[in-house]
Amino acid sequence: MDYDIVVTGLGCAGLSFVYHLLNSPLKNQKILLIDNDPKQQNDRTWCYWSEDPLEIHPRTGPVIYWDKMSITNGLHSVDKSLGNLKYYQIKSSDFYNHVLAKIRVQKNITWILDAVIDIPIINGAPVVRTGNHGVIRGTKIFNSIPLSSKSTKRYLKQVFVGWEIESKNPCFDPKTVTLMDFDSLIDTETAFVYILPFSEKRGLVEYTIFTKETNIDKTQLEAKLSSYIKNKLGVEDYKINFREEGAIPMSTKNNYNQLDHSDLILLGSIAGCTKPSTGYTFHTIQKHSKKVVNSLVNKSPSKNLKWKRKFRFSFYDNILLNIACKWPNELPHLFQDLFQKNKGRDILLFLNEETSFLQELSILIRLKFEVFIKSLLNYESH
């Protein structure tokens with residue numbers, strides 16, 4: 001059986017695309033969804049910033065957000081107001097339930113639980129080879145699964161473990177997100193702690209490390225996280241409500257073997273939606289999904305279905321990744337300098353790639369130049 005649209009991989013990118021598709025004139029096409037997970041568990045957390053919640057943000061409960069953020073380097077903290085922006089958080093289980101409820105009322109959508117083995121070209125068209133359902137054909141295939149790497153070079157990534165903890169005593173500032181705590185208790189400059197405080201006694205605490213290593217011992221990261229909670233937050237008696245872990249690619253290159261075909265459209269991280277220097281992805285996925293759906297509705301050329309970044313933002317990212325790879329001890333000072341000398345709103349718009357060149361120049365000209373000049377003189381693409 002052939003389909004008009006086949007979506008392989010139903011994580012954030014796949015489900016976001018389906019959500020926007022179902023809000024378009026294409027919602028009644030014959031659609032097949034393929035994933036080997038029923039999406040019934042809360043397995044991750046997504047964050048983004050904007051003036052108002054995005055259209056796709058679940059509204060089944062209170063919308064969680066913060067309007068202040070901080071960067072900490074040892075004992076010195078830089079706190080910033082976000083101006084008219086808010087820093088939003090979404091639990092993956094709420095997101096899954098929100099989009100799946102929209103899918104269930106559509107009789108033209110089929111979902112099969114199966115693994116995607118690969119997406120080869122057969123007779124001039126891409127097809128999906130599955131573990132148990134054989135070869136599946138669709139007029140257009142939308143894939144967000146990184147099927148295989150095309151490079152043996154090790155690229156930088158953010159590897160993290162996070163716990164949502166609940167303590168008996170207050171230990172969080174519920175008004176402020178800690179984006180990065182380069183605390184002196186952390187014995188490496190390539191690591192930081194990220195905190196989303198939900199109340200004075202409950203919050204998500206993540207230990208994150210920049211690394212090129214392929215095999216990271218999760219127990220070591222958890223030991224670091226436990227030590228931070230005990231020694232920095234001063235909490236020994238707590239329960240863990242939720243655990244998450246992951247590895248976010250930090251590269252301006254597409255390092256996966258994905259066929260270049262007009263009827264195979266990439267989504268999510270493998271389409272370039274992850275910001276290489278920060279790891280944020282959710283907001284860009286929404287932009288790309290809307291762009292793809294609008295292009296399909298308007299029958300635009302296939303090149304319009306790809307996510308394209310402006311060159312200068314890749315250049316900025318490579319400067320920072322170069323520093324992270326070669327002089328990681330400079331990172332705490334660099335980030336603190338960035339936040340100390342600029343408005344919180346301006347920084348977040350810059351990180352969202354929503355600024356003009358003049359705005360970017362205004363942000364960057366305030367920073368200490370030495371490490372950036374060193375990175376330029378030793379520039380390479382990451």
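Look above for the structure.
Just so it is clear, the structure is predicted and the values come from calculations on it, not from any experiment. (Residues numbered from 1 in each chain as written. Predicted model: local features only at pLDDT ≥ 70, side-chain atom pairs only at ≥ 80, totals over all residues. Heavy atoms only, no water.)

> Report on the overall build of the protein, specifying residues and quantitative values.
What the protein contains, in helices and strands, is nine helices and 18 strands. Compactness check: the protein gives a C-alpha radius of gyration of 21 Å against a globular reference of 21 Å for 382 residues, within 12% of the reference. For the protein, the spread of C-alpha atoms along the three principal axes comes to 60 × 50 × 40 Å. Within the protein, the fraction of its 382 residues that count as buried is 51%. Pairs at least 24 apart in sequence give 77% of the contacts found in the protein among residues at least 6 apart. (Helix = DSSP H or I, 4+ residues; strand = E, 2+ residues; numbered from the N terminus. Rg over C-alpha atoms; globule rule 2.2 N^0.38 Å. Buried < 20%, exposed > 50% of the residue type's maximum accessible area, 1.4 Å probe, protein only. Contact = heavy atoms within 4.5 Å.)

> I'd love a proper account of the nonpolar core, names of residues and values included.
Core analysis: the largest hydrophobic core is formed by 44 residues, its most contacted members being Tyr-87, Leu-179, Tyr-194, Leu-196, Ile-323 and Phe-339. In terms of residues, this core owes the most to one element, helix 5 (residues 311-326), which gives seven residues. Setting aside residues up to four positions removed in sequence, Leu-179 forms contacts with Met-69, Ser-70, Ile-71, Tyr-87, Phe-192, Val-193, Tyr-194, Tyr-280 and Phe-339. Formed by 39 residues, the second largest nonpolar core is a distinct cluster that contains Tyr-19, Trp-46, Leu-267 and Phe-282. (Core = buried A, V, L, I, M, F, W, Y, C linked by side-chain atoms within 4.5 Å.)

> Outline the sheet that holds strand 13 (residues 157-167), supporting the account with residue identities and numerical values.
Strand order in this open sheet of seven strands is 6-5-14-15-16-13-17, and the pairing throughout is mixed. Of all the strands in the sheet, just strand 6 (76-81) and strand 17 (238-249) have a single pairing partner and so form its edges. On average, each strand axis in the sheet is inclined to that of its neighbour by 15°, with strand direction left out of account. In terms of strand pairing, strand 13 meets strand 17 through eleven bridges, oriented antiparallel. If you follow Trp-163 over to strand 17, its bridge partner there is Arg-243. (Pairing = 2+ DSSP bridges. Axes fitted to C-alpha atoms, helices over the stretch in contact; angles between N-to-C directions.)

> Outline the pattern of salt bridges, supporting the account with residue identities and numerical values.
Counted according to the given criterion, the structure contains 18 salt bridges. Ionic pairing is found between Arg-129 and Asp-118, a salt bridge with its closest N-O pair at 3.0 Å. You can see Arg-129 sitting in strand 11 (residues 125-130) and its partner Asp-118 sitting in strand 9 (residues 116-118), a full eleven residues away along the chain. The class of Asp-118 is partly exposed, set by a relative accessible area of 26%. Notably, a salt bridge pairs Lys-218 with Glu-245, separated by 3.0 Å at the nearest N-O pair. With Lys-218 in helix 3 (residues 218-231) and Glu-245 in strand 17, this residue pair connects regions lying 27 residues apart in the sequence. (Salt bridge = Lys/Arg side-chain N within 4 Å of Asp/Glu carboxyl O.)

> Outline a nonpolar patch on the surface, listing residues and values.
A cluster of nonpolar side chains, Ile-365, Phe-369, Ile-373 and Leu-377, forms an exposed patch at the surface whose accessible area comes to about 440 Å². Summarising the element assignment, Phe-369 is placed in the loop between helix 8 (357-364) and helix 9 (370-377). When its relative accessible area of 45% is taken as the criterion, Phe-369 is described as partly exposed. (Patch = residues over 30% accessible without salt bridge, like charges linked within 9 Å, V, L, I, M, F, W, Y side chains within 5 Å. Areas by Shrake-Rupley, 256 points an atom, 1.4 Å probe, with all protein chains shown as cover.)

> Give a description of helix 9 that names residues and reports values.
Regarding helix 9, the residues found buried are Val-371, Phe-372 and Ser-375. All buried residues of helix 9 fall inside an arc of 100° around its axis, so they share one side. In helix 9, the exposed residues that point more than 90 degrees away from the buried face are Glu-370 and Leu-377. The inward-facing, buried residues of helix 9 contact helix 5 and helix 6 (331-340). (Arc of directions from axis to C-beta.)

> I'd like a description of the pairing of strand 11, backed by residues and values.
For a regular strand, side-chain orientation follows a simple rule: the groups alternate between the two sheet faces. By the bridge criterion, two bridges tie strand 9 to strand 11 in an arrangement that is antiparallel. Bridging from a neighbouring strand, Asp-118 pairs with Arg-129 of strand 11. Pairing analysis gives two bridges linking strand 10 (residues 121-122) to strand 11, with the strands arranged antiparallel. Counted as the bridge partner of Ile-122 is Ala-125 from strand 11. Between the end of strand 10 and the start of strand 11, which pair antiparallel, lie two residues, with Asn-123 showing a positive phi angle near 55°. As paired elements, strand 11 and strand 12 (residues 135-143) share three bridges and run antiparallel to each other. In the sheet register, Arg-129 faces strand 12, and the bridge partner there is Val-135. As consecutive antiparallel partners, strand 11 and strand 12 are separated by four residues, and within that stretch Gly-134 has a phi angle of approximately 70°, a positive value.

> Tell me what's going on with the environment of Ile-323, and back it up with residues and numbers.
Here Ile-323 shows up in helix 5. The buried category is assigned to Ile-323, whose relative accessible area is 0%. Counting along the chain gives 52 residues from Ile-323 to Ser-375, while the straight-line C-alpha distance between them is 6.1 Å. With sequence-adjacent residues up to four places away left out, Ile-323 is seen in contact with Pro-328, Glu-330, Leu-331, Leu-334, Val-371, Phe-372 and Ser-375.

> Please set out helix 2 (residues 92-104) residue by residue, giving values where relevant.
Here helix 2 contains 13 residues, and its C-alpha end-to-end distance of 18 Å stays within 8% of the 18 Å for a straight helix at 1.5 Å per residue. Residues of helix 2 that are buried: Ser-92, Ser-93, Phe-95, Tyr-96, Val-99, Leu-100 and Ile-103. Within helix 2, the buried residues cover an arc of 155° as seen down the axis, which keeps them to one side. Packing partners of the buried residues in helix 2 comprise helix 1 (12-21), strand 2 (31-35), strand 3 (45-50), strand 7 (86-91), strand 8 (109-113) and helix 4 (282-297). (Expected span 1.5 Å × (residues − 1).)

> Residues and numbers for the packing of aromatic side chains, please.
Within this structure, the stated rule accounts for 20 aromatic pairs. For the ring pair Trp-46 and Tyr-96, a centre distance of 6.1 Å and an interplane angle of 80° mean the geometry is edge-to-face. Here the residue Trp-46 occupies a position in strand 3, and Tyr-96 occupies one in helix 2, the gap between them amounting to 50 residues. When its relative accessible area of 13% is taken as the criterion, Trp-46 is described as buried. Ring centres 6.5 Å apart and planes at 25° place the aromatic pair Phe-311 and Phe-315 in the stacked group. (Phe/Tyr/Trp six-rings, centres within 6.5 Å; stacked < 30°, edge-to-face > 60°.)

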